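Chain residues, written in single-letter form:
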Amino acid sequence: MHRAMDCSVCLWLIISFCWAWGASPGPVRTVFGALGKPTLLDVTPDLQQLTTRFEKVVWKRDTSDPVTKSIILDYSGGNSSIKLNQSMRFHPTNFSLEILETSRQDAEMYTFTGTQQYEEKEVHLRLEVYEEVSKPIIQVSKSLSNESCTLTLNCTAERGDNKTYCWSCPKHHAAWPCLHNGSLFNLSLDPWETDLTCICTASNPVNHYSTHISASAECNIEPRGSDRLEVVYILPIILITVICAGLVIWYWVRHRGRKQQVPLKDESTIHTIYAQVQRAEKQKAVCTFPSAEDHACTTIYACAMGLPPDTAQTQTLGPTTVYASVTYPRS
């Protein structure tokens, strides 16, 4: 008797399970929705080609009661009506259902049922809702030993559900898109690793964010081209200094040359001392230098000032014109 009761209980459980989930529910497709963002529940492409043949379409959603489903939308004869008071939109072109603002309460099993004469086709969708991850922040702690530098990098994202972290160093490890999984990453650098950059990516099924860090800069390792960079910065300063010095020298030489070009007194310059001496009461006469035989007038001053006192009575006084020149003695 107990064995018969046990068999009846098992049979009842099997019947209840089949009633709740269907004898052959078919494959279940998972759809990921972002919290607070629109989510599209669409049918498979093969069913989208049959949209014009469906006479009736129904969208259902599971409830907390395993044997009860809520009808979300009913489409028949070209008319659709949303049964539940929710922010949803129906697209009759492909029979997809769009949730305009996804909430955590929308994370349920959804069933699409299309009826064509005596046939019925179903699609089962499981909606999973996640909060999007925020941009991660990298915290660094380092230790120096001998010539190596060890970094402990901690990558954390403040927001997001089911977050995963992936570390990569593309330039040195391009073959591995994810060099390390987890928020903590230990890294050792040698002195010649001067341009190592690592990227932390925080992700979940609905989005991802990345942040990069220069590991070489954290270890104060100068890039290989630092000498070249120093030359690039110093060379303009040197050129400007040389140009300024050249301008100063050019100005000094030019100023000095002007001083040297000031004309000195020409030794051959002729200076006129007496232009003309004339007495009004007597006839003009030209004073000529005395000949060698005449010993009465022996100097140029005699023509200008007259004869000496002892010879003044023997010579005739008259108007005299004198031209004389003075030259500087040769040094």
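Structural data are supplied above this passage.
Please read all numbers here as calculations on a predicted model, not as lab measurements.

Break down the overall build of the chain for me, with residues and values.
What the chain contains, in helices and strands, is 5 helices and 16 strands. Counting only residues that meet the buried cut, the chain has 26% of its 331 residues in that class. When the accessible area of the chain is evaluated, it comes to approximately 23800 Å², of which 56% is carbon and sulfur surface.

Lay out the state of the cysteines with the relevant residues and their values.
Within the structure shown, the criterion is met by 4 disulfides. Linked covalently through their sulfurs, Cys-149 and Cys-219 form a disulfide whose S-S length is 2.0 Å. One disulfide, between Cys-149 and Cys-219, carries an S-S torsion of -75° and so falls in the left-handed class. With a gap of 70 residues between them, Cys-149 in strand E11 (residues 148-156) and Cys-219 in the loop between helix H3 (215-218) and helix H4 (226-260) connect regions that are remote in the sequence. Across this residue pair, the class does not change: Cys-149 and Cys-219 are buried. Across the disulfide from Cys-155 sits Cys-200; the S-S distance is 1.9 Å.

If you had to explain the environment of Leu-184 to someone new, which residues and values would you point to?
Relative to the helices and strands, Leu-184 resides in strand E14 (residues 184-189). Apart from the residues within four sequence positions on either side, Leu-184 is in contact with Leu-153, Asn-154 and Trp-167.

Outline the pattern of salt bridges, listing residues and values.
Note on pairing: side chains with opposite charge can pair once their charged atoms come close. Here the structure, examined in full by the defined rule, presents 6 salt bridges. Arg-89 is the salt-bridge partner of Glu-98, the closest N and O atoms lying 3.7 Å from each other. Residue Arg-89 is classed as partly exposed on the basis of its relative accessible area of 43%.

Residues and numbers for the sheet that holds strand E3 (residues 56-62), please.
Pairing is mixed across the open sheet formed by 6 strands, whose spatial order is E1-E9-E8-E3-E4-E5. Because the sheet does not close on itself, it has two edges, and the strands there are strand E1 (28-34) and strand E5 (79-82). Each strand of the sheet is rotated relative to its neighbour by a mean of 25°, with strand direction disregarded. Bridge count between E3 and strand E8 (residues 109-116): 6 bridges; the pairing is antiparallel. Within the sheet, the bridge partner assigned to Lys-60 lies in E8 and is Thr-111.

Can you explain the packing of aromatic side chains? Please cite residues and give values.
Enumeration over the complete set of coordinates arrives at 7 aromatic pairs. Measuring from centroid to centroid gives 5.9 Å for Phe-90 and Phe-95, while their planes differ by 20°, and the two rings are stacked. As far as the burial class goes, Phe-90 and Phe-95 line up, both buried. Three or more aromatic residues link up through ring pairs in this structure, and these residues are Trp-59, Tyr-75, Phe-90, Phe-95 and Phe-112.

Residue-level account of the sheet that holds strand E2 (residues 39-41), with values.
In space, the 3 strands of this open sheet follow the order E2-E7-E6, with antiparallel pairing throughout. Both edges of this open sheet fall to E2 and strand E6 (88-91), since each of them pairs with a single strand only. Across the sheet, the mean angle from the axis of one strand to that of its neighbour is 20°, orientation sign disregarded. As defined by bridge partners, E6 adjoins strand E7 (residues 96-99) across 4 bridges and the pair is classed as antiparallel. Bridging across to E7, His-91 finds its partner in Ser-96.

Report on the nonpolar core, specifying residues and quantitative values.
Counting residues in hydrophobic clusters, the biggest one holds 21 residues, and the most contacted among them are Leu-41, Trp-59, Tyr-110 and Phe-112. For this core, the secondary-structure elements that each account for two or more residues are E3, strand E4 (69-76), E6, E7, E8 and strand E9 (119-130). Not counting the four nearest positions on each side in its chain, Leu-41 is found in contact with Val-31, Trp-59, Ser-96, Leu-97, Ile-99, Tyr-110 and Leu-125. Membership of the second largest hydrophobic core comes to 19 residues, among which are Leu-151, Leu-153, Cys-155 and Ala-215.

Basis of the calculations
- Residues numbered from 1 in each chain as written.
- Predicted model: local features only at pLDDT ≥ 70, side-chain atom pairs only at ≥ 80, totals over all residues.
- Heavy atoms only, no water.
- Helix = DSSP H or I, 4+ residues; strand = E, 2+ residues; numbered from the N terminus.
- Buried < 20%, exposed > 50% of the residue type's maximum accessible area, 1.4 Å probe, protein only.
- Areas by Shrake-Rupley, 256 points an atom, 1.4 Å probe, with all protein chains shown as cover.
- Disulfide = S-S within 2.5 Å.
- Contact = heavy atoms within 4.5 Å.
- Salt bridge = Lys/Arg side-chain N within 4 Å of Asp/Glu carboxyl O.
- Pairing = 2+ DSSP bridges.
- Axes fitted to C-alpha atoms, helices over the stretch in contact; angles between N-to-C directions.
- Phe/Tyr/Trp six-rings, centres within 6.5 Å; stacked < 30°, edge-to-face > 60°.
- Core = buried A, V, L, I, M, F, W, Y, C linked by side-chain atoms within 4.5 Å.

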